[in-house]
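Letter by letter, the chains look like this.
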Amino acid sequence: MLIEPDLVPDDAAFMARAVARAAHSRLLAPPNPWVGAVLVAPDGTSWEGSTRRPGGNHAEREVLARAGERARHGTLYVTLEPCCHHGRTPPCTDAVIAAGVARVVVGVTDPDPNVGGNGLAQLREAGIEVIVGPGAELVEDQLAPYLHHRRTGRPWVVLKLAATLDGRTAAADGTSQWITGPEARHDAHELRAASDAVLVGAGTVRADDPRLTVRDVLASDGAPPREPLRVVLGRAPEGAAVHPCLETGGDLEAVLDDLGARQVVQLMVEGGADVAGRFHRSGLVDRYVVYLAPALSGGADGAGLFRGPGAATMADMARLRLLDVRRLDDDLRLELAPAEEAG
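Residues numbered from 1 in each chain as written. Predicted model: local features only at pLDDT ≥ 70, side-chain atom pairs only at ≥ 80, totals over all residues. Heavy atoms only, no water.

S.K.: Help me out: how do you make sense of the pattern of salt bridges in this one?
M.R.: Pairing of side chains with opposite charge becomes possible as their charged atoms draw close. According to the stated counting rule, one finds 21 salt bridges in the structure shown. The partner of Glu 129 in a salt bridge is Arg 103, with the nearest N and O atoms 3.7 Å apart. Of this pair, Glu 129 sits in strand E5 (residues 129-132) while Arg 103 sits in strand E4 (residues 103-108), and the two are 26 residues apart along the sequence. Judged by its relative accessible area of 43%, Glu 129 is partly exposed. Look at Arg 103 and you get buried, because its relative accessible area is 10%. The salt bridge involving Glu 140 is made with Arg 151; its shortest N-O contact spans 3.2 Å. Note that Glu 140 is positioned in helix H5 (residues 136-142) and Arg 151 in helix H6 (residues 144-152), a separation of 11 residues in sequence. Looking at Glu 140, the relative accessible area reads 30%, which means it is partly exposed. A cluster of three or more residues bridged by salt bridges with shared partners is formed by Asp 187, Arg 287, Asp 324, Arg 326, Arg 333 and Glu 335. (Salt bridge = Lys/Arg side-chain N within 4 Å of Asp/Glu carboxyl O. Helix = DSSP H or I, 4+ residues; strand = E, 2+ residues; numbered from the N terminus. Buried < 20%, exposed > 50% of the residue type's maximum accessible area, 1.4 Å probe, protein only.)

S.K.: Just to check I follow, could you spell out the packing of helix H2 (residues 59-67) against helix H3 (residues 92-99) for this structure?
M.R.: To describe two helices that pack against each other, one gives the angle between their axes and the distance between the axes. Here H2 crosses H3 at 25 degrees, and the two axes come no closer than 9 Å. Here H2 lies roughly parallel to H3, going by the angle between them. Relative to H3, the crossing made by H2 is left-handed. Every residue of H3 that contacts H2 at Glu 60, Arg 61 and Leu 64 is listed here: Cys 92, Asp 94, Ala 95, Val 96 and Ala 99. Of the residues belonging to the contact of H2 with H3, the class tally is five nonpolar, no polar and three charged. (Axes fitted to C-alpha atoms, helices over the stretch in contact; angles between N-to-C directions. Parallel < 35°, antiparallel > 145°, perpendicular 65-115°, else oblique. Left-handed = near helix turned anticlockwise from the far one by under 90°. Contact = heavy atoms within 4.5 Å. Nonpolar A, V, L, I, M, F, W, Y, C, P; charged D, E, K, R; others polar.)

S.K.: I keep staring at the side chain of Glu 60 and nothing clicks. Help me out?
M.R.: With respect to the helices and strands, the residue Glu 60 is situated in helix H2. For the buried residue Glu 60, which engages in no salt bridge, the nearest side chain bearing the opposite charge is Arg 61, 7.4 Å off. The residues contacting Glu 60, other than those within four sequence positions of it, are Ala 37, Leu 76, Val 78, Leu 80, Glu 81, Pro 82, Cys 83, Cys 92 and Val 96. (Lys, Arg positive; Asp, Glu negative; His and termini not counted.)

S.K.: Quick question: what am I supposed to make of the confidence of the model for the protein chain here?
M.R.: Low-pLDDT stretches of the model should not have their predicted coordinates read in fine detail. With 95% of its residues at a pLDDT of 70 or more, the protein chain shows a mean pLDDT of 91. Long-range and interchain partners of residues 1-7, a stretch whose pLDDT sits below 50, account for seven contacts in this model, where long-range means more than four residues apart. (pLDDT = per-residue confidence, 0-100.)

S.K.: Hey, could you run me through the packing of aromatic side chains in this one?
M.R.: Here a ring pair, both rings aromatic, is described through the centre-centre distance and the interplanar angle of the planes. This model, assessed by the stated rule, comprises one aromatic pair. Summarising the aromatic geometry, the rings of Phe 14 and Tyr 77 are spaced 5.3 Å apart at their centres and angled 25 degrees between planes, so their arrangement reads as stacked. In this pair, Phe 14 sits in helix H1 (residues 11-22) while Tyr 77 sits in strand E3 (residues 75-80), placing the two residues 63 residues apart along the sequence. Tyr 77 carries the same exposure label as Phe 14, and that label is buried. In this arrangement the basic side chain of Arg 26 is found over the ring face of Trp 34, its NZ or CZ atom lying 3.7 Å from the centre. The lysine or arginine in question, Arg 185, covers the ring of Trp 178, its NZ or CZ lying 4.6 Å from the ring centre. (Phe/Tyr/Trp six-rings, centres within 6.5 Å; stacked < 30°, edge-to-face > 60°. Lys NZ or Arg CZ within 6 Å of the ring centre and 35° of its normal.)

S.K.: Would you mind showing me how to read helix H7 (residues 182-193) here?
M.R.: Since the α-helix packs 3.6 residues into each turn, any two residues three or four apart lie on the same face. With 12 residues, H7 extends 16 Å between its outermost C-alpha atoms, agreeing within 8% with the 16 Å of an ideal straight helix rising 1.5 Å per residue. Every buried residue of H7 is accounted for by Ala 184, Asp 187, Ala 188, His 189, Leu 191, Arg 192 and Ala 193. Those residues of H7 hidden inside the fold are in contact with strand E6 (156-164), strand E8 (197-201), strand E11 (266-271), strand E12 (287-293), strand E14 (320-328) and strand E15 (331-338). (Expected span 1.5 Å × (residues − 1).)

S.K.: What is the right way to read the side chain of His 189 from this model?
M.R.: Within the secondary structure, His 189 sits in helix H7. If sequence neighbours within four positions are ignored, His 189 has contacts with Thr 213, Val 214, Arg 215 and Val 217.

S.K.: Hey, could you run me through the nonpolar core in this one?
M.R.: As a rule of thumb, nonpolar side chains are buried together in soluble globular proteins. With 32 residues, the main nonpolar core has Leu 39, Leu 64, Leu 76, Val 96, Val 101 and Val 104 as its most contacted residues. Mapped by element, the contributors of at least two residues to this core are strand E1 (36-40), H2, E3, H3, E4, helix H4 (118-125) and H6. Of all the elements, H2 adds the most residues to this core, at four residues. Ignoring sequence-local partners within four residues, the contact set of Val 104 consists of Leu 76, Val 78, Val 96, Leu 123, Ile 128, Glu 129, Val 130 and Ile 131. (Core = buried A, V, L, I, M, F, W, Y, C linked by side-chain atoms within 4.5 Å.)

S.K.: What exactly am I supposed to notice about the sheet that holds strand E2 (residues 46-50) here?
M.R.: Two pairing modes exist for strands in a sheet, parallel and antiparallel, and in both the strands are linked by backbone hydrogen bonds. Read across the open sheet, the five strands follow the order E2-E1-E3-E4-E5; overall the sheet is mixed. Looking at the sheet topology across the chains shown, the edges are occupied by E2 and E5. This sheet shows a mean twist of 15 degrees between the axes of neighbouring strands, independent of strand direction. Sheet topology places E4 next to E5; four bridges connect them, and they run parallel. For Val 104, the partnering residue across the bridge sits in E5 and is Val 130. (Pairing = 2+ DSSP bridges.)

S.K.: Please explain the sheet that holds E6 as it appears in this structure.
M.R.: On the basis of which strands lie adjacent, the open sheet formed by eight strands has the order E10-E9-E8-E11-E6-E12-E15-E14 and mixed pairing. With one partner strand each, in any of the chains shown, strand E10 (246-248) and E14 form the two edges of the open sheet. Averaged over all neighbouring strand pairs, the angle between strand axes comes to 25 degrees, with direction disregarded. Relative to E12, E6 runs parallel, the two sharing seven bridges. Paired with Leu 159 across the strands is Tyr 288, a residue of E12. Strands E6, E8, strand E9 (229-233), E10 and E11 of the sheet are contacted by helix H9 (residues 252-261), whose axis makes an angle of about 160 degrees with E9. Across the sheet, helix H10 (residues 273-281) lies against E6, E8, E9, E11 and E12, angled at about 115 degrees from E8, the strand it touches most.

As structure tokens, this is what we get:
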């Protein structure tokens with residue numbers, strides 16, 4: 001039995017539901033992609049699913065299990081191309097074919113070399129209608145860190161900054177806790193939880209002795225998310241709270257290559273000003289997340305966002321594109337992308 005034309009659903013609307021469902025897996029799935037799926041039966045009944053923690057069901061198997069026999073002749077919407085290789089779990093393409101699904105709608109193909117269009121080819125060879133592209137812009141945005149990692153071998157770099165309105169990250173005496181309020185600091189912990197590694201400079205470790213752990217954040221399954229790898233540029237003092245950590249240094253691009261090989265999909269750079277300036281000037285930042293507090297240093301003797309040489313002229317200024325702005329109690333959260341990337 002095939003789906004009747006008048007029962008063929010709105011592909012964009014169902015893909016949007018799959019994208020929304022994928023958000024439930026953001027803190028569960030990494031380093032696997034956080035994928036969402038919707039299965040629509042011929043009578044219009046639908047089920048949703050998303051990828052679980054590593055070793056658990058991928059989104060496709062999750063939703064197929066919920067639909068059971070009613071998946072036969074239905075349409076599967078999935079944000080990312082189904083996998084077709086054995087990893088921690090069997091290929092999702094096998095499950096889709098065995099379930100008798102008639103039609104598969106995919107947001108984007110998977111650039112992982114183990115997949116790379118082969119999953120789509122297997123489904124088509126099994127006689128399943130495959131459509132690629134509905135909701136692709138939404139999926140590309142949601143899976144940007146994963147797609148970037150698979151395409152470049154490097155992690156998606158998020159530079160987190162917190163400053164007063166006049167751009168100061170510390171007072172003249174070096175104190176910096178706390179610039180922002182509790183709500184903004186909680187949001188920063190959520191950003192940590194979404195990252196596979198958090199990086200700071202050895203100077204920050206010596207000055208602040210941060211733990212760089214995730215606090216007061218739970219994943220959608222009600223359990224704490226996994227802790228990110230703690231990375232220090234330079235040597236962390238013996239007994240520092242950041243231990244155990246990865247100590248590294250040298251060329252930042254080589255550092256990113258190494259972290260990418262360690263399956264770090266998203267890297268959160270937390271500073272300090274020297275490290276932030278190095279990443280910024282090297283053009284290695286994919287997203288800037290800036291927390292602005294309603295406070296004024298009132299002078300030029302406090303620490304700025306970056307240390308090191310800045311733009312010599314206005315023409316040399318780094319232009320960013322504002323992607324999102326939110327109020328977090330009295331603070332503002334700005335998310336920005338390099339202008340050439342955000343286009």
